[in-house]
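Below, each chain spelled out in residue letters.
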Amino acid sequence: MFKLFSNPHKPPKCSYCAPLFMKAYIMRNAGAVIHSHGMESCLVTMLDPLAKKFRITHMEMIKGIQGHGYYDELVIEAYPKKTAVLVRNHGIYVWGDSWISAKTQIECYNYLFEAAIKLHQLGLDWSTPSHGPIQRSQPLLGGQTTNTSQKVEDDLQNGVVGVVPVPPDEAGKQAVISALVANVEEMIKSDRKITSLKQLQGHIWRTGFEKNELKGVVFDDVPDALEKWHACGIKVYIYSSGSRLAQRLLFGYTDYGDLRNYLCGFFDTTVENKKESRSYVEISESLGVHKPSEILFVTDVYQEAVGAKAADS
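Residues numbered from 1 in each chain as written. Predicted model: local features only at pLDDT ≥ 70, side-chain atom pairs only at ≥ 80, totals over all residues. Heavy atoms only, no water.

1. Some points on the overall build of the protein
- When helices and strands are counted, the protein shows 10 helices and seven strands.
- Restricting the contact set of the protein to residue pairs at least 6 apart, pairs at least 24 apart contribute 60%.
- In the form shown here, the protein has an accessible surface area of approximately 18700 Å², with 57% of it arising from carbon and sulfur atoms. (Helix = DSSP H or I, 4+ residues; strand = E, 2+ residues; numbered from the N terminus. Contact = heavy atoms within 4.5 Å. Areas by Shrake-Rupley, 256 points an atom, 1.4 Å probe, with all protein chains shown as cover.)

The following block contains the structure:
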């Protein structure tokens, strides 16, 4: 039982965090926001002072976070597209459509933070499907590395669905490569639209395009159409399940040359799934339009069109 004691002669004081609550209501269309100073949410941000994001995958309570399942990678970063913000050494803000949704999610987040802390104490990496030993060359919370080959390995590990366990380095380079390839092929076969797989695609494409081994193929009328729209002041953006890097490479190395000058920006699955209406709300807010109906969205996937239309309702 909780008891509330207040001074009847002293008026209530607005929380210093009120502006942050309002941001969630306005920018994320939240129905309720909960802020917690729970120990787990503070400690998990202190495991790596340089990390900019928190990653975790293959943990039971991930399915309690809106839009996620057991096999998905949950990411909390500085500018989230999800339902939470972690403030280093301070706590977490979580929002949802209702107070029940927000409460359920914050309980799941705290469970995941506690699991990450305990796995860290055991020397295990919670950000990979296998939860194997932590590779000390990588930021503990899943931050970016500067080595491209390391990025590729990280993307593979974070996106693996567990079809073939990835053996330790002691098994030999070829055994590790074979396991990773098998898992990537399974993800492609399953048409998994996960960010890590698309990031890997971008890394591979970069090498191919820069060596002139790959070319972006566009229909013959595309360059003229883009040039015409650009001249008329029509802003064109790309929203694809392929990563932003892959999109830039595709339009930067086409059989008609570099077409990126005609494009104003790129969006990928870090916004949200292309079938989710909130993806298009997020994009419209990023573009600064008053309502989504001011944007013409062209797609060959019916479910994506339905999601875009629902964003304006």
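2. Re the pattern of salt bridges
- Counted under the stated rule, the structure contains eight salt bridges.
- Asp268 is the partner of Arg244 in a salt bridge, and the nearest nitrogen-oxygen pair spans 3.6 Å. In this pair, Arg244 sits in helix α8 (residues 244-252) while Asp268 sits in the loop between β7 (265-267) and α9 (277-287), placing the two residues 24 residues apart along the sequence.
- Taking the relative accessible area as the measure of exposure, Arg244 reaches 26% and is therefore partly exposed. (Salt bridge = Lys/Arg side-chain N within 4 Å of Asp/Glu carboxyl O. Buried < 20%, exposed > 50% of the residue type's maximum accessible area, 1.4 Å probe, protein only.)

3. Description of the sheet that holds strand β1 (residues 32-36)
- Strand order in the open sheet formed by three strands is β1-β5-β4, with antiparallel pairing between adjacent strands. Each having just a single partner strand, β1 and β4 (84-87) make up the two edges of the open sheet. Each neighbouring strand pair of the sheet contributes to a mean axis angle of 10 degrees, computed without reference to strand direction.
- Where β1 and strand β5 (residues 91-96) come together, five bridges link them in antiparallel fashion. From the neighbouring strand, Ala32 faces β5, where its bridge partner is Gly96.
- Lying over the sheet, helix α1 (residues 18-27) contacts β1 and β5, oriented at roughly 145 degrees with respect to β1. (Pairing = 2+ DSSP bridges. Axes fitted to C-alpha atoms, helices over the stretch in contact; angles between N-to-C directions.)

4. Re the environment of Ala246
- Take Ala246: it is sitting in helix α8.
- The spatial distance from the C-alpha of Ala246 to the C-alpha of Arg206 is 7.5 Å, given a sequence separation of 40 residues.
- Each residue touching Ala246, except ones within four places of it in the same chain, is listed here: Gln201, Gly202 and Trp205.

5. Comments concerning the environment of Trp205
- On the secondary structure map, Trp205 appears in helix α6 (residues 195-210).
- Non-local contacts of Trp205, meaning those with residues more than four positions away in its chain, are made with Leu214, Ala246, Leu249 and Leu250.

6. A word on the environment of Lys103
- When you line up the elements, Lys103 lands in helix α3 (residues 99-121).
- Relative accessible area serves as the criterion here: at 37%, Lys103 is assigned to the partly exposed category.
- C-alpha separation for the pair Lys103 and His35, spaced 68 residues apart in sequence, amounts to 9.9 Å.

7. Overview of a nonpolar patch on the surface
- On the surface, a nonpolar cluster with roughly 390 Å² of combined accessible area is contributed by Met22, Tyr25, Ile26 and Met27.
- On the secondary structure map, Tyr25 appears in helix α1.
- Overall, Tyr25 belongs to the partly exposed group, its relative accessible area being 32%. (Patch = residues over 30% accessible without salt bridge, like charges linked within 9 Å, V, L, I, M, F, W, Y side chains within 5 Å.)

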